[in-house]
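Notes for the structure review
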Amino acid sequence: MLIVSTKRVPLVQRLVLPSVLRAGFDEVVWVGDGEAGAGYRFLPVPPLTRSTTDALVKRDVGTLATTADWIFYLCDDHAVRTLTLPIPEDAFDVCVPGRVSQHPQLGLVRLNMGMDATDPNRPYCGGHAGLFRRTLIQERPWTSMPHDRLWDLRASQIQVAMGARFVESDAIVVEDLDPEAEPWR
């Protein structure tokens, strides 16, 4: 499920959507700003607050409109770099993908997604991407989570308290396509 804002529609069309379509998901849903096209379903959701709350609303809209047991959420400035299926689904409720970005001097660098051993907030799933068991989201939808700048961390903490099992897996790797923002910092 692609969660898309107006400013990133061209990036999604050029790089993100093709990466998702190549990955071979059973169902591809583009939620938010954009337009209908071949190979995916489009659900228009206009901005409400122009904040992270919009992303939570878009996640819930897409979740309601799909039927899969597993939902892969992807932010509009990330592309699927690797997807190796099947992933053993009985050992987790949230699969935190690997995340990388192109550093101008170092080349491809690995970024923390909430599972780094040195991260004091571990485990959590950064809002950039994640594979979630549908029943977990049904039990506590995204818009019922705290509306906070650190929504992904807060939501993960609540999910862990609910008993959700988090694992990190390089079976899925996403690439941050916004290196100007220096995501490695």
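Here we summarise the structure given alongside this text. (Residues numbered from 1 in each chain as written. Predicted model: local features only at pLDDT ≥ 70, side-chain atom pairs only at ≥ 80, totals over all residues. Heavy atoms only, no water.)

1. Here's the deal with the environment of tyrosine 73
Relative to the helices and strands, tyrosine 73 resides in strand E4 (residues 70-75). For tyrosine 73 and leucine 2, which are 71 residues apart along the polypeptide, the C-alpha to C-alpha distance reads 6.2 Å. Residues contacting tyrosine 73, with those up to four places away along its chain left out, are Met1, Arg59, Thr63, His128, Ala129, Gly130, Phe132, Ile137 and Trp142. Side chain to side chain, tyrosine 73 and threonine 63 meet in a polar contact 2.6 Å long. Polar side-chain contacts of tyrosine 73 include one of 3.2 Å to the side chain of tryptophan 142. (Helix = DSSP H or I, 4+ residues; strand = E, 2+ residues; numbered from the N terminus. Contact = heavy atoms within 4.5 Å. Polar contact = N/O pair within 3.5 Å; in protein donor to acceptor, adjacent residues only side chain to side chain.)

2. A word on the pairing of strand E8 (residues 129-133)
Among the five residues of E8, four are classified as buried, and the element is accordingly described as predominantly covered. Examined bridge by bridge, E4 and E8 share five bridges and lie antiparallel to one another. Counted as the bridge partner of phenylalanine 72 is leucine 131 from E8. (Buried < 20%, exposed > 50% of the residue type's maximum accessible area, 1.4 Å probe, protein only. Pairing = 2+ DSSP bridges.)

3. With respect to the pattern of salt bridges
Enumeration according to the criterion identifies 10 salt bridges in this entry. For arginine 8, the salt bridge is made with aspartate 178, and the minimal N-O distance between the two is 3.7 Å. Of this pair, arginine 8 sits in the loop between strand E1 (2-4) and helix H1 (9-23) while aspartate 178 sits in the segment after strand E9 (166-176), and the two are 170 residues apart along the sequence. One salt bridge in this structure joins aspartate 170 and arginine 110, with 2.9 Å as the shortest N-O distance. Taken together, the residues aspartate 170 in strand E9 and arginine 110 in strand E7 (residues 107-111) connect sequence positions 60 residues apart. Among the charged side chains, a network of salt bridges with common partners joins Arg8, Asp76, Asp77 and Asp178. (Salt bridge = Lys/Arg side-chain N within 4 Å of Asp/Glu carboxyl O.)

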